[in-house]
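In case you want the letters, here they are:
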Amino acid sequence: MKHYRCILALAALTFGSKAIAAVPQTMERASQRTLVIIKPDAMEQRLAGLILARLEGEGLSPVAAKMVQLDESTLRKHYAHLVGKPFFGDIVSYMTSTPVMVLAVEGDDAVAHVREMIGPTDSSIAPKGTIRGDFGSDKSRNVIHASEDAAAADAEIAFFFNSSEIF
Ligand code: ADP
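Re the overall build of the protein chain
If you tally the helices and strands in the protein chain, you get nine helices and four strands. Going residue by residue from the N terminus, the α and β elements of the protein chain occur as α-α-β-α-α-β-α-α-β-α-α-β-α. Residues classed as buried in the protein chain amount to 39% of the 167 residues present. Long-range pairs, those at least 24 residues apart, make up 73% of the contacts in the protein chain with a sequence separation of at least 6. Total accessible area on the protein chain stands at roughly 9300 Å², and carbon and sulfur atoms take up 57% of it.

A word on unusual backbone geometry
Of note, the phi angle at aspartate 109 is positive, near 50 degrees, even though the residue is not glycine. Of note, valine 143 is a non-glycine position whose phi angle comes to about 60 degrees, a positive value. On the secondary structure map, valine 143 appears in the loop between helix H8 (131-135) and strand S4 (144-146).

A word on the side chain of glutamate 156
Secondary-structure assignment places glutamate 156 in helix H9 (residues 150-160). Here the side chain of glutamate 156 touches serine 147 through a polar contact of 2.7 Å, side chain to side chain.

Notes on H9
Within the sequence span of H9, burial applies to Ala153, Glu156, Ile157 and Phe160. An end-on view of H9 places all buried positions within 100 degrees of arc, on one side of the element. Projecting away from the buried face of H9 at angles above 90 degrees are the exposed residues Ala151, Asp154 and Ala158. Tucked inside the fold, the buried residues of H9 contact strand S1 (31-38), strand S2 (61-68), helix H5 (72-78), strand S3 (100-108), helix H7 (110-118) and S4. Its side-chain oxygen placed 3.3 Å from the backbone nitrogen of alanine 151, aspartate 149 serves as the N-cap of H9.

What counts, and at which threshold
Residues numbered from 1 in each chain as written. Predicted model: local features only at pLDDT ≥ 70, side-chain atom pairs only at ≥ 80, totals over all residues. Heavy atoms only, no water. Helix = DSSP H or I, 4+ residues; strand = E, 2+ residues; numbered from the N terminus. Buried < 20%, exposed > 50% of the residue type's maximum accessible area, 1.4 Å probe, protein only. Contact = heavy atoms within 4.5 Å. Areas by Shrake-Rupley, 256 points an atom, 1.4 Å probe, with all protein chains shown as cover. Polar contact = N/O pair within 3.5 Å; in protein donor to acceptor, adjacent residues only side chain to side chain. Arc of directions from axis to C-beta.

The values are spatial; any link to function lies outside them.
Structure representation (structure tokens):
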């Protein structure tokens, strides 16, 4: 978002405000929704409010939210790409260890924006300033899930919420 604003400011300074009207629609970053799960290690550390405040502080608004006790069957669907991995049992133990908070948040370019905010999977190498870098422990206990791409976001939001729960 910052880069886009910079480009607009530069265009206005260089060419005047008419240049802004000429910026093609394709450069605009559309409002988008993404799914977030505040994981058990974050719930145990009472980080839910802080994580939500970070998301809101970056212009993302919750449009759906609930507490969920995950189970293996749900995790086999949500993490279908990991079911065959040797660590899948650890994921199930970890993700079912406490209820989690599941949210859909909305904002400009939300999928990429939230992924950037959370940092890479492995918290031990995630940069400080990212949510995983600041609060996570390792590649398993990494405090937060966020959808990887727009297709995953749509599917995950529909998986966790029915339409009457999304505002
Ligand atoms: P991400 O959550 O960054 O999208 P993945 O979809 O690859 O990453 O993994 C889903 C979750 O499974 C991770 O967030 C983490 O909790 C767990 N996980 C991933 N890789 C490992 C691993 N090698 N060992 C233990 N847990 C893992």
